[in-house]
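Observations on the three-dimensional arrangement
Spelled out, the chains give:
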Amino acid sequence: MILETYLKQNNTNIRKVHLISGIPETTVRRMNKRDIDKWNIEYFDAIAKSVGKSRFAVMKELEDLETRLKDKYNVVFSNLCGRYNLENRRYIGNKSKLMNWISGLMDEHTQGDSFFDVFAGTGVVSKAMLPKYRKFIINDFLYSNNIIFKAFFGMQKYDEDKVLNYQRNFQKICTNSMDDDYFVENFGGKFFSEYDARIIGEIRTRIENSDDLNERERSILIASLIYSSDKIANTVGHYDAYRKKVDISDRFIFELINPLVVSGKDIKIFRDDANVLVRKVSADVAFVDPPYNSRQYSRFYHVLEGIVKWDKPKLEGVAMKPPVENMSEYSKTNAPMIFDDLIKNLNVRYIVVTYNNTYKPKSSSSKNKITHEEIIKSLNNVGSTQSFERSFQFFNAGKTNLKDHKEFVFITEVGK
């Protein structure tokens, strides 16, 4: 963060530093995740050469920039230097590419110091809002998303040296000694190579059996396993199916996530039915982005859900799915009534809803269960609503023409 900000100010980039200095690009990127006082002198020389300044000028400017960023955003930089940031995963409906637009609208049309992410998904919206609010309520009903929130946003302290030691030990694993063959028998040769599936299962069992981990440390290791597995999975971005007639190579490497350091914040994390939770909590701003079509996320990401739960149920079907559970009412025909109930019971000053216009697709699974008009009606029943729109390229498996696809943001001032 510090290095990228500094290089932008000097009209250069990480790639240019790599080319001019000869330092590997991966090393330059690791520099960006490390406190300035832990840099080698060669790092400062490399940056100085790239931006055409003296080493001492660069050191002074970077130290000043680090202080300003820490003061402004309450940022404390982790020493884990993990490979994966929060947004580095494949997930349907991910809002990463829309966040600048959404954040700007919220800055202009809402106020307050508490934020309720009702259907948090990947958590990228809450991450983007970290500098803007003091209190957070982050909720999602998937077990995998919940453990990821605890890992990235958790308030509990963790031992970095302990986590790094686990990483080193996990990277040395070459077969399973503590784990049975459940994971490799069900997912080997399908979603992962047999070797990779065996290593994933062994790592998860070792985490499960460890008695020296606090909740945050355990969450960081499981979340890291999720990200490392998802990175190399033989899928098209979800686990409803795997790619057949392909040679699956051994590619798994256990790499760590980069937990967000949230000093000065008050963050509460839930894995609740949203319609139940809204009756128990309050905030200034609620961000509402429910699943709108018939795709059930608990089924789409069942492999990751299984890694988190580690209850090893009997699996069935081509995609090796567990018994049905954790199904969203927002993906069923009564979704408009469920959405209306949610909106009526939100105890907030502002409601921000995102929506995309895919309710007339060729694919039945992409068809929205709630229409644009039904959303506006529910929102207008509780306050004054403004509507904003922009074109956006949405997830497309090939059956739906999304040439005129648009993303909408509705902002309602409650009680007005």
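Only a predicted model underlies this, so the values are computations on that prediction, with no experimental measurement involved.

Thoughts on the overall build of the protein
- A count of helical and extended segments in the protein gives 17 helices and seven strands.
- For the protein, the share of sequence-separated contacts (at least 6 apart) that also reach a separation of at least 24 residues comes to 76%.
- For the protein, the accessible area works out to roughly 19300 Å², and carbon and sulfur atoms hold 47% of it.

Some thoughts on the packing of helix α8 (residues 143–153) against helix α15 (residues 302–309)
- Across the interface, α8 lies against α15 with an axial gap of 8 Å and an inter-helix angle of 60 degrees. When the interaxial angle is binned, α8 and α15 end up oblique. In contact with Y143, S144 and I147 of α8, α15 contributes L304, E305, V308 and K309.
- Residues that form the contact of α8 with α15 fall into these classes: four nonpolar, one polar and two charged.

A look at the confidence of the model for the protein
- A residue-level look at the protein finds 88% of positions with pLDDT of 70 or above and a mean pLDDT of 87.
- In this model, residues 395–401 is a region of pLDDT below 50 whose contacts with residues beyond four sequence positions or in other chains number 11 contacts.

A few points about the sheet that holds strand β2 (residues 135–139)
- In spatial order, the strands read β3-β2-β1-β4-β5-β7-β6; together these seven strands make up an open sheet with mixed pairing. Looking at strand neighbours, the two that pair on one side only are β3 (266–270) and β6 (383–391), the edges of this open sheet. Strand-to-strand twist across the sheet, computed as the mean angle between neighbouring axes with direction ignored, equals 15 degrees.
- Of the strand pairs in this sheet, strand β1 (residues 114–117) and β2 are connected by four bridges, and their pairing is parallel. Considered in β2, the bridge of F115 is made with F136.
- Sheet strands in contact with helix α17 (residues 372–380) are β5 (350–356), β6 and β7 (406–414), and its direction is about 15 degrees off that of β7.

Comments concerning the packing of aromatic side chains
- Applying the stated rule across the entire model yields 19 aromatic pairs.
- Note on F119 and Y330: the rings are 5.1 Å apart at their centroids and 80 degrees apart in plane angle, and the pair reads as edge-to-face. Remark: Y330 occurs in the loop between α15 and α16 (335–345) and F119 occurs in the loop between β1 and α7 (124–129); sequence separation between them is 211 residues. Take F119 and Y330: they sit in the same class, and that class is buried.
- Clustering of aromatic rings is evident, with ring pairs tying together F183, F187, F191, F192, Y239, Y242 and W310.
- It is R55 that lies over the ring of F56; its NZ or CZ is 5.8 Å from the centre.
- A cation over a ring is seen here: K244 above Y242, with NZ or CZ 4.6 Å from the ring centre.

What counts as what
Residues numbered from 1 in each chain as written. Predicted model: local features only at pLDDT ≥ 70, side-chain atom pairs only at ≥ 80, totals over all residues. Heavy atoms only, no water. Helix = DSSP H or I, 4+ residues; strand = E, 2+ residues; numbered from the N terminus. Contact = heavy atoms within 4.5 Å. Areas by Shrake-Rupley, 256 points an atom, 1.4 Å probe, with all protein chains shown as cover. Axes fitted to C-alpha atoms, helices over the stretch in contact; angles between N-to-C directions. Parallel < 35°, antiparallel > 145°, perpendicular 65-115°, else oblique. Nonpolar A, V, L, I, M, F, W, Y, C, P; charged D, E, K, R; others polar. pLDDT = per-residue confidence, 0-100. Pairing = 2+ DSSP bridges. Phe/Tyr/Trp six-rings, centres within 6.5 Å; stacked < 30°, edge-to-face > 60°. Buried < 20%, exposed > 50% of the residue type's maximum accessible area, 1.4 Å probe, protein only. Lys NZ or Arg CZ within 6 Å of the ring centre and 35° of its normal.

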